[in-house]
Amino acid sequence: MSKAAELAALIGSGQAQGDKNFIINGATQVWQRTTSATAANNDYVTVDRFGFGESTDGAYTSEQSTDTPTGTGFSIKAQVTTADTSIAAAQFAYIYQDIEAQNLQSLQYGTSSAKTITLSFSVKSNKTGTYTIGIVKPDSTAYYIPIEYTINSANTWERKTITISPTAGSTSLITASGGAIANDNGQGFQVAFGLAWGSNFHGTNNTWSASTHYGTSNQVNWMDSTANNFYLTQVQLEIGEVATPFEHEDIGTTLAKCRRYYQTFHASWYGVAEATGYFTSTSVTYSPPMRANPSLTQLSFSAGSSRYTSSGATGSSIDGTTIYSSPGSAGGNEGWQAKWEAKIEL
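Remember, it's a predicted structure, so these values are computed and weren't measured experimentally.

A. Region of interest: the sheet that holds strand β3 (residues 59–65). Taking strand neighbours across the sheet as the criterion, the six strands line up as β1-β3-β4-β11-β6-β9 in an open arrangement whose pairing is antiparallel. Edge strands, defined here as strands with exactly one partner in the open sheet, are β1 (38–39) and β9 (158–164). With seven bridges joining them, strand β6 (residues 117–125) and β9 adopt antiparallel strand pairing. Bridged to Phe121 within β9 is Lys160.

B. Examining the sheet that holds strand β10 (residues 187–197) more closely. Reading across from one edge, β2-β5-β10-β7-β8 is the order of the five strands in this open sheet, with antiparallel pairing throughout. The sheet is open, and its two borders are formed by β2 (51–55) and β8 (143–151), each paired with just one other strand. Recorded for the sheet is a direction-independent mean angle of 25° between the axes of neighbouring strands. In the sheet, strand β7 (residues 129–137) pairs with β10 via four bridges, with the strands oriented antiparallel. Note on β10: the bridge partner recorded for Ile135 is Val191.

C. Broad picture of the pairing of β6. Most of β6 is tucked away: nine of the nine residues are buried. Where burial is concerned, the two faces of β6 agree: the one with Ile117, Leu119, Phe121, Val123 and Ser125 and the one with Thr118, Ser120, Ser122 and Lys124 are both buried.

D. Focus on the pairing of β8. With respect to burial, β8 is a largely interior element, seven of its nine residues being buried. Judged from the nine bridges that link them, β7 and β8 form a sheet pairing that is antiparallel. Counterpart to Gly129 in the pairing with β8 is Ile151. Remark: five residues form the turn of the hairpin made by β7 and β8, two consecutive strands paired antiparallel; Ser140 in that turn has positive phi of roughly 55°.

Here is what the cut-offs are and how they apply
- Residues numbered from 1 in each chain as written.
- Predicted model: local features only at pLDDT ≥ 70, side-chain atom pairs only at ≥ 80, totals over all residues.
- Heavy atoms only, no water.
- Pairing = 2+ DSSP bridges.
- Helix = DSSP H or I, 4+ residues; strand = E, 2+ residues; numbered from the N terminus.
- Axes fitted to C-alpha atoms, helices over the stretch in contact; angles between N-to-C directions.
- Buried < 20%, exposed > 50% of the residue type's maximum accessible area, 1.4 Å probe, protein only.

This is the structure in structure tokens:
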């Protein structure tokens with residue numbers, strides 16, 4: 001395909017006009033939970049929209065780093081804290097992002113017009129060798145594709161580009177009806193950056209299949225030493241056969257996108273504690289509305305005295321909730337405040 005044809009295809013898809021990146025927080029700028037080293041636990045624990053999968057006999061952490069390809073901004077740093085020198089068949093370690101299905105409709109998966117997409121990212125590690133990207137499409141029929149790439153030089157930032165064809169491996173799984181991605185608020189894709197994969201997850205490089213093939217047998221065991229680190233930033237997934245320059249998004253836009261899946265908020269009340277068991281409450285509006293009705297967890301609570309000891313939540317929806325507290329005894333004017341998190345990751 002000529003450069004002119006590539007540009008025309010990008011313009012026709014709307015991908016050349018900004019907001020081309022299907023990855024949210026690809027520049028790893030938003031860290032609502034914490035920036036400190038936190039153990040991977042198959043969930044989102046530090047940077048927004050990136051999860052950390054781990055099921056080995058070892059352990060690793062993720063944290064914010066100022067070590068980046070450009071010398072500015074942030075990256076994800078993963079660090080082995082307990083080594084596992086032999087990965088069992090069902091074991092794994094990986095970094096992932098789940099992408100909402102309705103954001104992927106322009107891919108036209110499940111039709112003969114399914115689009116080729118390109119993943120590009122900046123990566124650095126002390127451990128060189130073959131790594132894998134796994135793309136999972138869980139909707140309709142679940143399909144998987146592992147694609148290898150190489151970290152060539154130790155402790156050196158490298159820009160990687162991986163092209164994912166809907167017919168990779170001479171398959172027609174994605175272009176048939178089972179390849180469709182539902183137009184809803186569920187999980188449409190998972191993009192997995194492999195760190196270690198047991199043999200249960202090994203498949204053929206660059207080939208779609210219906211088996212849980214996240215990686216290949218050539219994947220290094222990054223978990224084999226506590227000296228191992230892995231840095232990742234500037235992650236971009238876009239329509240087309242070529243990687244375009246990384247799209248730097250303003251922080252307000254990125255934060256709003258992240259808060260669709262996770263946000264924290266404060267609630268407070270001040271008045272007369274009229275009687276034991278008398279509920280005091282305040283309404284909270286989520287900003288922006290969330291992907292679906294979130295799970296709510298109280299993170300902290302404080303009050304003017306011991307009358308109020310905790311708060312609860314009721315009536316939650318995608319738009320907001322009510323936070324309440326009840327005094328243990330009656331008394332004069334008094335207040336309380338609470339911090340909560342709302343979470344509805346994919």
